[in-house]
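Next come the chains, spelled out residue by residue.
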Amino acid sequence: MYVLVCPCILDPSLRARGITDEEALSRFMKVRARCETLRIEMVPLPCPEAIHLGRDREPGTFLERLDTPAFTALLDRLEEEVQALIAVRGPPLCIVGVNSSPTCGVDRTYYGGDPPKRPGPGVWLARFPEIPVFDVTSFGRYRVYLAAPLFSEGERVYNRLIRDQLVRAGQEVHLPQEIGDDLSSRDLGTTRAIFSENLAALCESDLVVAVIDGADADSGTAWEIGFAYARGIPVIALRTDFRLVGADERVNLMLEQSAVVVTDRESLIRHLPSPLGPSSDPGEGAGVCSTL
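A quick note: this is a predicted structure, and the numbers were derived from the prediction, not measured.

**Student:** Report on the layout of surface pockets, specifying residues and quantitative values.
**Tutor:** Looking at the largest pocket, its volume works out to about 660 Å³. Lining the largest pocket are 32 residues, with Arg15, Ile19, Val98, Asn99 and Ser100 positioned closest to its centre. At the level of secondary structure, the elements contributing two or more residues to the lining of the largest pocket comprise α1 (22–38), β4 (108–110) and α5 (136–139). Among the elements that take part in the lining of the largest pocket, α1 stands out by supplying four residues, more than any other. Among the residues making up the lining of the largest pocket, the classes are represented as 15 nonpolar, seven polar and 10 charged.

This is how it looks when you write it as structure tokens:
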């Protein structure tokens, strides 16, 4: 398995002068960590901007510096090289791009004009419409906290089923029942340790998947959803229960308004930023994934 990545993800010095901050470096590191975790090879695309303008270059839009016949000819040549690589190796899982780049943007790019930032891919990644494309931020979201009731055998079996499906889709999953949170007979020290470990995993997660079936959602799950929402961690809530709590509400409105609610496991997987399965952001088209 391999992914094509914009080369600055592996070598940030390829970016234009002064645009790489600590947040960008952190996003690049998360992409590399996910590929290492999943044992996915990262194959860098050529950087047409660095080839055309050099490494030490000022930032600029496509129209300012790259809207030339010479640059178009360079893209033609580089596209042939990449297509030749794909013909030998087979299709990649996806391309990982960098939003706002005039060449490697995913769903927004510094194109130039008024306004200078426009929706749509950069001119380089636009050459590969048949390959799913992820922005670095979305691709780096792979650590999932699975919040769910875990008090009966049926609940625990169902949680493991969801966990396994998430893992197959390329996610790293924290499942509370696997750290001892499955016994009624526990002392105060044990409960504090379980709380601390789950809280740490929740704080480090990129995404929360929550099971909210039942006449009312499990109280612990509801707490975890609220905590995640307050910290800006996206929540996908799975409710297969067909009962409604109101004419326009499937579940408690505070939970429903703080999460993307899906009604089956297939829809859950489609909402994941995953290179190993169908992927789309809530409200976005399939095949392009930016920030969940």
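**Student:** Hey, could you go over the pairing of strand β1 (residues 2–5) for me, with residue numbers and the actual values?
**Tutor:** Here β1 shows a buried face lined by Tyr2 and Leu4 and a second buried face lined by Val3 and Val5. Strand direction decides the pairing type here: β1 and strand β2 (residues 41–44), joined by four bridges, are parallel. What sits directly across from Tyr2, in β2, is Glu41. Read as a crossover between parallel neighbours, the route from β1 over α1 to β2 is right-handed. Pairing analysis gives two bridges linking β1 to strand β3 (residues 95–97), with the strands arranged parallel. Looking across to β3, one finds that Val5 is bridged to Val96.

**Student:** With reference to specific residues and values, describe the pattern of salt bridges.
**Tutor:** Across all of its chains, the model carries 16 salt bridges by this definition. A salt bridge links Arg163 to Glu178, with the nearest nitrogen and oxygen atoms 2.2 Å apart. You can see Arg163 sitting in helix α6 (residues 153–168) and its partner Glu178 sitting in the loop between β8 (172–174) and α7 (188–204), a full 15 residues away along the chain. For Arg163, a relative accessible area of 15% puts it in the buried group. Assessed through its relative accessible area of 48%, Glu178 is described here as partly exposed. The structure contains a network of salt bridges with shared partners spanning Arg17, Asp56 and Glu58.

**Student:** I'd like a description of the nonpolar core, backed by residues and values.
**Tutor:** One finds Leu4, Ile9, Ile95, Val96, Trp124 and Leu125 to be the most contacted residues of the largest nonpolar core, which totals 40 residues. Those elements that provide at least two residues to this core are β1, α1, β2, α4 (69–89), β3, β6 (133–135) and α5. Among the elements that make up this core, the one with the highest residue count is α4 (six residues). Setting aside residues no more than four positions away along its own chain, Trp124 makes contact with Leu45, Pro46, Pro48, Leu75, Leu78, Glu79, Val82, Thr103 and Cys104.

Conventions adopted
- Residues numbered from 1 in each chain as written.
- Predicted model: local features only at pLDDT ≥ 70, side-chain atom pairs only at ≥ 80, totals over all residues.
- Heavy atoms only, no water.
- 1 Å grid on protein atoms, 1.4 Å probe; cavity = no way out; pocket = protein on both sides within 12 Å on 5 of 7 lines; lining within 4 Å.
- Points joined across faces, edges and corners; volume = space filled by probe spheres on them.
- Helix = DSSP H or I, 4+ residues; strand = E, 2+ residues; numbered from the N terminus.
- Nonpolar A, V, L, I, M, F, W, Y, C, P; charged D, E, K, R; others polar.
- Buried < 20%, exposed > 50% of the residue type's maximum accessible area, 1.4 Å probe, protein only.
- Pairing = 2+ DSSP bridges.
- Right-handed = clockwise from strand over helix to strand, strands pointing away.
- Salt bridge = Lys/Arg side-chain N within 4 Å of Asp/Glu carboxyl O.
- Core = buried A, V, L, I, M, F, W, Y, C linked by side-chain atoms within 4.5 Å.
- Contact = heavy atoms within 4.5 Å.

Function cannot be inferred from these measures alone, as they are strictly geometric.
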